Amino acid sequence: MKALPIIYGVVTTSALAAAIGIPAVIHERGTQAVSTWQAMVSPGDLSAKHAFLENDCEACHTPHRGPTADKCIVCHANNEYLLSKQTTAFHSDVAECRGCHLEHRGAAKRSVEMDHMVLAAIVLSRAKSEPGFGAMQMSSLPVGHSRIQPLETLLDCAACHSNQDPHRTLFGIDCAACHGTSAMTGWMIPEFRHPSPLSTDCAQCHQAPPSHYMMHFQMVSMKVAGVVHADVSQCFLCHQTNSWNDIRGVGWYKHH
Ligand code: HEC
Ligand code: HEC
Ligand code: HEC
Ligand code: HEC
Ligand code: HEC
Ligand code: HEC
Ligand code: HEC
């Protein structure tokens, strides 16, 4: 599978590096600039983490342009955790922060609201200005993606979410064939009903962990389950449908 994360596939750090170069040092602002902003009406309290900026509107706002990414990046360029997590690694090369990072909603709300449509719009505009980027990323998904917006078919779901794939690629990498992007439902598919525990088709939909294809299977798994003859594909002999650790006829088992 191509592991090219969608947004930053082409240049990894250049956009960010460029952006860091732009804003000099925010501490060099004059007090005059501050008073201009203080005359402006704030639409609401800042999020708790940004509350310390309540008298420093210009930390985020650029006169006549509103909040701009360069300001955010001054303080947020080196977030190793963010860049090392598959889903958020795109931050290394994204030039737009609005849409997913909302503000002035009060201290109780975090300034984060993931929006895949914002993401798709960023991908689209970038693809328009960088033909190479488009050719690589805009292999629109085939039909049958009723759970996502047409624009979202530009997104390579697996590039950001394959680490979360509980199907271990058994269902392919076209996650949006079955899943939507709504934060409300998440990965849930309300109409999905799991097959009966009496099914013997488990292996059609479930891939066993690597340990099951090693000596561990004979030495531990079969012994724990008390099953003398079994092929790895016969999950149903040892497993139930509620949890992989609830071994049939044995109960909860967790090895260390
Ligand atoms: C397409 C949506 C999107 C865009 C665009 C975006 N972000 Fe994010 N950002 C997120 C999401 C989602 C998270 C993860 C929040 C979480 O882990 O709960 C995040 C996390 C962060 C965090 C870490 C938050 C924490 O809890 O510590 C920072 C800092 C951040 N983004 C800054 C930025 C900056 C600066 C920009 C613009 C250069 C930007 N983001 C653009 C969606 C976006
Ligand atoms: C931590 C960064 C941050 C600080 C500090 C901040 N703002 Fe904002 N502000 C934003 C963001 C982001 C938006 C865009 C609204 C959204 O998408 O939720 C915004 C939106 C606004 C808007 C609506 C118009 C627009 O451009 O969208 C006004 C007016 C505003 N801010 C005024 C202020 C004032 C006045 C202060 C200082 C008292 C201030 N802001 C401080 C981040 C900030
Ligand atoms: C003057 C520096 C500064 C500026 C400018 C700034 N931030 Fe922050 N931001 C912080 C600090 C400090 C925190 C708290 C970090 C922590 O707790 O680890 C924070 C927290 C955050 C978080 C985590 C929010 C949460 O509730 O968990 C996000 C997301 C974020 N900032 C995005 C942005 C965006 C987008 C902008 C531009 C609109 C911006 N920041 C501008 C300093 C700044
Ligand atoms: C550029 C990276 C990126 C792409 C591409 C992407 N997502 Fe996401 N997705 C995120 C981020 C970031 C979050 C917020 C949660 C987090 O930080 O992990 C998220 C959250 C979700 C959630 C909410 C549940 C959860 O895991 O938090 C679902 C469902 C989801 N995405 C589905 C999809 C689908 C389906 C596609 C393809 C149409 C897709 N995503 C494409 C980055 C991406
Ligand atoms: C052929 C359809 C199909 C495809 C393709 C598919 N899934 Fe799923 N996935 C499902 C079904 C059905 C469920 C169970 C939903 C439920 O319980 O509501 C599920 C559940 C999930 C869950 C939730 C597991 C849990 O904790 O209960 C995640 C996460 C997930 N899928 C991620 C992915 C990712 C990532 C991809 C792409 C790499 C993907 N899926 C591709 C059908 C699919
Ligand atoms: C038609 C496909 C299909 C078949 C057949 C099937 N499953 Fe599942 N099963 C799923 C999907 C989809 C999920 C939700 C995503 C995930 O966790 O993998 C799931 C979830 C599970 C879970 C996880 C529960 C949890 O939340 O931890 C277990 C355990 C499980 N199945 C066991 C079995 C067993 C045992 C069999 C055979 C008796 C079986 N399944 C047959 C599709 C199937
Ligand atoms: C001979 C009995 C047996 C068969 C057949 C079997 N397993 Fe297991 N499996 C076990 C036992 C026992 C454990 C817990 C102890 C261990 O790790 O061996 C386990 C653990 C697991 C775990 C949890 C691993 C973890 O780290 O928590 C998963 C997932 C799993 N099996 C999936 C499957 C799937 C999918 C199949 C069929 C394709 C399958 N197993 C076939 C006995 C079996």
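Colleague: Help me understand the overall build of the protein, please; the structure alone is not making it clear to me.
Modeller: On a plain count of helices and strands, the protein comes out with nine helices and four strands. Moving toward the C terminus, one meets the helices and strands of the protein in the order α-α-β-β-α-α-α-α-α-α-α-β-β. Counting across all 256 residues of the protein, residues that qualify as buried make up 31%. Nonlocal contacts in the protein, meaning residues at least 24 apart in sequence, comprise 62% of its contacts between residues at least 6 apart. About 16700 Å² of surface is accessible on the protein, with carbon and sulfur atoms providing 61% of the total.

Colleague: For this particular structure, what's the right way to read the site of ligand 7?
Modeller: Around ligand 7, a shell composed of 24 residues is seen, among which His-212, Ser-221, Cys-235, Cys-238 and His-239 lie nearest. With respect to ligand 7, the side chain of His-239 contributes an N or O atom lying 2.8 Å from a nitrogen atom. Broken down by element, the shell around ligand 7 gets its largest block of residues, six residues, from helix 9 (residues 215–225). Taken together, the residues of the shell around ligand 7 break down into 13 nonpolar, nine polar and two charged.

Colleague: Just to check I follow, could you spell out the site of ligand 5 for this structure?
Modeller: Surrounding ligand 5, one finds 15 residues, the nearest of these being His-167, Cys-175, Cys-178, His-179 and Ile-189. At 2.8 Å, a side-chain N or O of His-179 approaches a nitrogen atom of ligand 5. Within the contact set of ligand 5, an oxygen atom lies 2.8 Å away from a backbone nitrogen or oxygen of Ile-189.

Each value, and the rule that gives it
- Residues numbered from 1 in each chain as written.
- Chains lettered and ligands numbered in written order.
- Predicted model: local features only at pLDDT ≥ 70, side-chain atom pairs only at ≥ 80, totals over all residues.
- Heavy atoms only, no water.
- Helix = DSSP H or I, 4+ residues; strand = E, 2+ residues; numbered from the N terminus.
- Buried < 20%, exposed > 50% of the residue type's maximum accessible area, 1.4 Å probe, protein only.
- Contact = heavy atoms within 4.5 Å.
- Areas by Shrake-Rupley, 256 points an atom, 1.4 Å probe, with all protein chains shown as cover.
- Near = heavy atom within 4 Å.
- Polar contact = N/O pair within 3.5 Å; in protein donor to acceptor, adjacent residues only side chain to side chain.
- Nonpolar A, V, L, I, M, F, W, Y, C, P; charged D, E, K, R; others polar.

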